[in-house]
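Per-entry structural report
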Amino acid sequence: VFLDVFTGTSDPYVKFKVAGKEVFRSKTIHKNLNPVWDEKVSLLVESLREPLYMKVHDKSTDDFMGSAYLYLESLEHQRTLDVTLDLKDPHYPNHDLGSLELAVTLIPKEGDFRETHQSLRLSDVHRKAQLWRGIVSISLIEAHDLQPMDANGLSDPYVKFRMGHQKYKSKTIPKTLNPQWREQFDFHLYDEQGGFIDVTLWDKDAGKKDDFMGRCQVDLSLLSKECTHRLDLPLEEGEGTLVLLVTLTASTAVSIADLSVNVLDDLHERKEILHRYSLLRSFHNIKDVGMVQVKVIRAEGLMAADVTGKSDPFCVVELSNDRLQTHTVYKNLNPEWNKVFTFNVKDIHSVLEVTVYDEDRDRSADFLGKVAIPLLNIQNGERKAYALKSKELTGPTKGVIFLEIDVIYNIVSPTLFYSLAFFEHFSLLFFCLFSSASPRLSVPQYSFLLFVHSFCSLFLQLFVVVVWNFELYMLPLLLLMLLAWNYFLIPVSLSFSFFQDSERKGFMNKLYAIQDVCISVQNALDEVASYGERIKNTFNWTVPFLSWLAIVALCAATLAVYFIPLRYIVLAWGVNKFTKKLRDPYSIDNNELLDFLSRVPSDVQVVCIPYNIHRGWLPQDCNS
């Protein structure tokens, strides 16, 4: 058995494969050489001649720990058998690597596959395409009373989530035992019966292996759908409690079909969809912006990824958090898929990404090419050949892909969605003006004022006093006081620190610290430059819709500043910020201005993704 160098144990998990394709991956059992998974899974197999291949790996180092084959032809139908399989290494067949114990039941699938219009290969397509039945939204709120892992009595915790192949990692909160993350992650739910989400907590250590702080598990089968559940989960193999908000939402937003089953070709269905997103129904569901249908026809001249001079290409279509996948066409550089994908549009400024991969049996798929198409650039019903590009979309690669795309959306809904978020910040402003202009308040208004007053903290009162009494001359006076304070404080702190013993850090720790600082500075400069380019492209009419939206927002801001004193506006903004957590304690912070700018392309995206610039002009680099 392979051991971790640091702990003398392993973190084993098992991969299950049929015909070279991974069909299931077990959870990880941390720091254990005799793991007990106690997991149950149903696998769909097309032929009993294909054995079930199992590989054991160490999660922390990804080392191979052994493999075994289960030959399905030796099993009896409708009977559970306890099977013990010896783990072997093909390179060292005489080494004893332990064993796997399974309880296996072979059950014939009901129904006759020959009566369907799809081939047996298509059942593999649906399993591989992974059509989800819903979305699991997890809000990572906070943790309490964690175990100290560092010498200073604190920890630098972060959280990892895993459900099947889907993985997320939270940000690291430094030097605390009661971290607050306020982050949200979305998982695709493939099983109607639910499933398990494995949650592990780690302590971040620079230059060495991160420390394990505990784990817990979320059983989705126990949670009802379409409502939010607060979960206070005690950590196993550790100390403390993790607080999560979990919401299960049923999803019918995505679908996959053959080219012969085309929704928009049906006149009745197309009329229903056009009516759903008509101007008369703009206020029916503001978040339901529209739908997009993508026909993936074929590809030509792909790159040869295998030693035989061929490839096994399949195509992945992604829109926002939705992802669908075609079947694999084996040993072909000019594959034909003839599939139709349908997505719901939540943001009309999203970019549709179509990526072609080469399937490999025993390793991850090889990249063959990619195209990115903004939804606002799509010409409905036009079958077009798109040149494939590199992963970063900076240069061409070999091959083209033929797509036909239709986008149907309500032109008013995106404007309403952004406008509601924009004018939400002015709601308290108008109320403050109304209450100050009206000497007599109604009972509901008076009750609301009492509610706000009862929750006003010291900081809110201090903020109101400072803003109300602020004068311009106070700004240089504040800087003068800060300089004077530091003049007297710095000599005292230097004389005190001279006698204080400081912890001497090794050379490698200093090197890691310098590396982290350089990476942080580089990322910050990249982000600042990116936002500067996005602001410039807003005024350059790179995306006309967003420029028009900016005009509407600026007109509203101009009128507000003209008619309302700036002091009232700052007061309303501050009251809104201070009371936001009282109105919604588990809200995730966001900035509407940054959300708006994130939808404007930077200069790199303008070159790499074919946006329509200046009333339909298209850069030459985009079609190279």
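Residues numbered from 1 in each chain as written. Predicted model: local features only at pLDDT ≥ 70, side-chain atom pairs only at ≥ 80, totals over all residues. Heavy atoms only, no water.

1. What to know about the overall build of the protein chain
Condition: Numbering of helices and strands starts at the N terminus; helices are DSSP runs of H or I of at least 4 residues and strands are runs of E of at least 2. Under the scheme applied here, a residue whose accessible area is under 20% of the maximum for its type counts as buried, over 50% as exposed, and between as partly exposed, the area being computed with a 1.4 Å probe on protein chains only. We call two residues contacting when some pair of their heavy atoms lies within 4.5 Å. Note on areas: Shrake-Rupley, 1.4 Å probe, and residue coverage restricted to the protein chains presented here.
Assigned secondary structure in the protein chain consists of 12 helices and 23 strands. For the protein chain, the residues scored as buried account for 40% of the 624 residues in total. Contacts in the protein chain between residues far apart in sequence, at least 24 positions, make up 62% of those at least 6 positions apart. Accessible surface, the protein chain: about 37,200 Å² in total, of which carbon and sulfur atoms supply 58%.

2. Looking at the UniProt feature "transmembrane region" (unreviewed entry) in the protein chain
As a reminder of what qualifies: UniProt positions are given in the numbering used here, feature names are shortened, and annotations may be inferred rather than shown by experiment.
Listed under "transmembrane region" (unreviewed entry) in the UniProt record, and renumbered for this structure, are residues 416–434, 446–468, 474–499 and 543–564. The span residues 543–564 carries 91% helix and 0% strand; its end-to-end C-alpha distance comes to 31 Å.

3. Topic: the sheet that holds strand E3 (residues 52–58)
How we decide: Note: two strands are recorded as paired if DSSP finds a minimum of 2 bridges between them. Note on geometry: axes are lines fitted to C-alpha atoms, helical ones only across the stretch in contact, with angles between N-to-C directions running from 0 to 180 degrees.
Strand order in the open sheet formed by four strands is E2-E1-E3-E4, and the pairing between neighbours is antiparallel. Whereas interior strands pair on both sides, the edge strands pair on one side only; in this sheet they are strand E2 (21–25) and strand E4 (64–70). The mean inter-strand angle of the sheet, taken between neighbouring strand axes irrespective of direction, is 25 degrees. Pairing analysis gives four bridges linking strand E1 (residues 12–18) to E2, with the strands arranged antiparallel. Each residue of the ladder has a partner; that of Val-18, found in E2, is Lys-21.

4. Describing the packing of aromatic side chains
Which entries qualify depends on this criterion: Geometry of aromatic contacts follows a simple scheme: Phe, Tyr and Trp rings, the Trp one being its six-membered ring, pair when their centres are within 6.5 Å, and the pair is stacked under 30 degrees between planes, edge-to-face over 60, tilted otherwise. Geometrically, a lysine NZ or arginine CZ counts as sitting over a ring once it is within 6 Å of the ring centre and also within 35 degrees of the ring normal.
Per the stated rule, a full pass over the model turns up 11 aromatic pairs. Residues Tyr-357 and Phe-367 carry aromatic rings whose centres are separated by 6.3 Å and whose planes lie at 80 degrees to one another, so their mutual orientation is edge-to-face. Placement of Tyr-357 in strand E20 (residues 351–358) and of Phe-367 in strand E21 (residues 366–374) is noted, with a sequence separation of 10 residues between them. Connected via pairs of aromatic rings, a cluster forms that spans Phe-161, Tyr-168, Phe-185 and Phe-187. In this structure, Lys-160 packs its charged tip against the face of Trp-202, placed 5.1 Å from the ring centre. In this structure, Arg-298 packs its charged tip against the face of Phe-402, placed 4.0 Å from the ring centre.

5. A look at the side chain of His-229
Condition: Definition of a polar contact: a pair of N or O atoms within 3.5 Å, with one able to donate and the other able to accept a hydrogen when the atoms are protein atoms, and with sequence-neighbouring residues admitted only if both atoms are side-chain atoms.
Positionally, His-229 belongs in strand E13 (residues 228–234). Within the local environment of His-229, its side chain forms a polar contact with the backbone oxygen of Ser-224, the two atoms lying 2.8 Å apart. Excluding residues that lie within four positions of it along the chain, His-229 makes contacts with Leu-223, Ser-224, Leu-244, Leu-245 and Val-246.

6. Considerations on the confidence of the model for the protein chain
Counted only if it meets this: The quantity called pLDDT is the predictor's confidence in a given residue, expressed from 0 to 100.
For the protein chain, mean pLDDT is 77; residues scoring 70 or higher make up 74% of the total. Mean pLDDT in the protein chain bottoms out at helix H1 (residues 120–129), which sits at 37, and peaks at strand E8 (residues 157–163), which reaches 93. The model gives residues 420–441 a pLDDT under 50, and that stretch makes 28 contacts with residues more than four places away or in other chains. In the model, residues 497–504 has pLDDT below 50 throughout and makes zero contacts with residues more than four positions away in sequence or in other chains.

7. What to know about a nonpolar patch on the surface
Going by this rule: Within the patch definition used here, like charges are joined within 9 Å and nonpolar side chains (Val, Leu, Ile, Met, Phe, Trp, Tyr) within 5 Å, considering only residues with over 30% relative accessible area and no salt bridge. Here a salt bridge means any side-chain nitrogen of Lys or Arg lying within 4 Å of a carboxyl oxygen belonging to Asp or Glu.
Residues Tyr-473, Leu-477, Leu-480 and Met-481 make up a contiguous nonpolar surface patch of roughly 450 Å² in combined accessible area. Position of Met-481 among the secondary structure elements: in helix H7 (residues 474–498).

8. Focus: the nonpolar core
Under the convention used in this document: Side-chain atoms within 4.5 Å link the members of a nonpolar core, which is a set of buried Ala, Val, Leu, Ile, Met, Phe, Trp, Tyr and Cys residues.
In this structure, Val-292, Val-296, Leu-375, Ile-401, Leu-403 and Ile-405 are the most contacted members of the largest nonpolar core, which totals 30 residues. Elements supplying a minimum of two residues to this core: strand E16 (290–300), strand E17 (313–319), strand E19 (336–345), E20, E21, strand E22 (382–389) and strand E23 (396–409). Excluding residues that lie within four positions of it along the chain, Ile-405 makes contacts with Val-292, Gln-293, Val-294, Leu-352, Ile-373, Ile-378, Gln-379, Asn-380, Gly-381, Glu-382 and Tyr-386. By size, the runner-up hydrophobic cluster in this structure holds 29 residues, among which are Ile-138, Val-159, Leu-189 and Leu-244.

9. Here's the deal with the environment of Gln-184
Examined against the element boundaries, Gln-184 turns out to sit in strand E10 (residues 180–189). Residue classification places Gln-184 among the partly exposed residues on the basis of a relative accessible area of 44%. Taking C-alpha positions, Gln-184 is 8.6 Å from Ile-141, a pair spaced 43 residues apart along the chain. A polar atom in the side chain of Gln-184 sits 3.0 Å from the side chain of Ser-137.

10. Remarks on the sheet that holds strand E9 (residues 166–169)
Reading across from one edge, E9-E8-E11-E12 is the order of the four strands in this open sheet, with antiparallel pairing throughout. What marks the edges here is a single partner per strand, and that holds for E9 and strand E12 (211–219). Between one strand and the next, the sheet's axes are offset by a mean angle of 15 degrees, whatever the strand orientation. Pairing of E8 with E9 involves four bridges; the strand directions are antiparallel.

11. Quick word on unusual backbone geometry
Not every positive phi belongs to a glycine, and Glu-237 is a case in point at roughly 60 degrees. Checked against the element boundaries, Glu-237 lands in the loop between E13 and strand E14 (241–250). A positive phi is found at Asn-338, a non-glycine position, where the angle reads about 55 degrees. Tracing the backbone through its elements, the reader meets Asn-338 in strand E19.

12. Things to note about the pairing of E4
Of all seven residues making up E4, five are buried, and the element is well covered by its neighbours. One ladder, built from six bridges, connects E3 with E4; its direction is antiparallel. Counterpart to Tyr-53 in the pairing with E4 is Tyr-69. Connecting E3 to the antiparallel partner E4 that follows it, the hairpin turn spans five residues, and Asp-62 within it adopts a positive phi of roughly 60 degrees.

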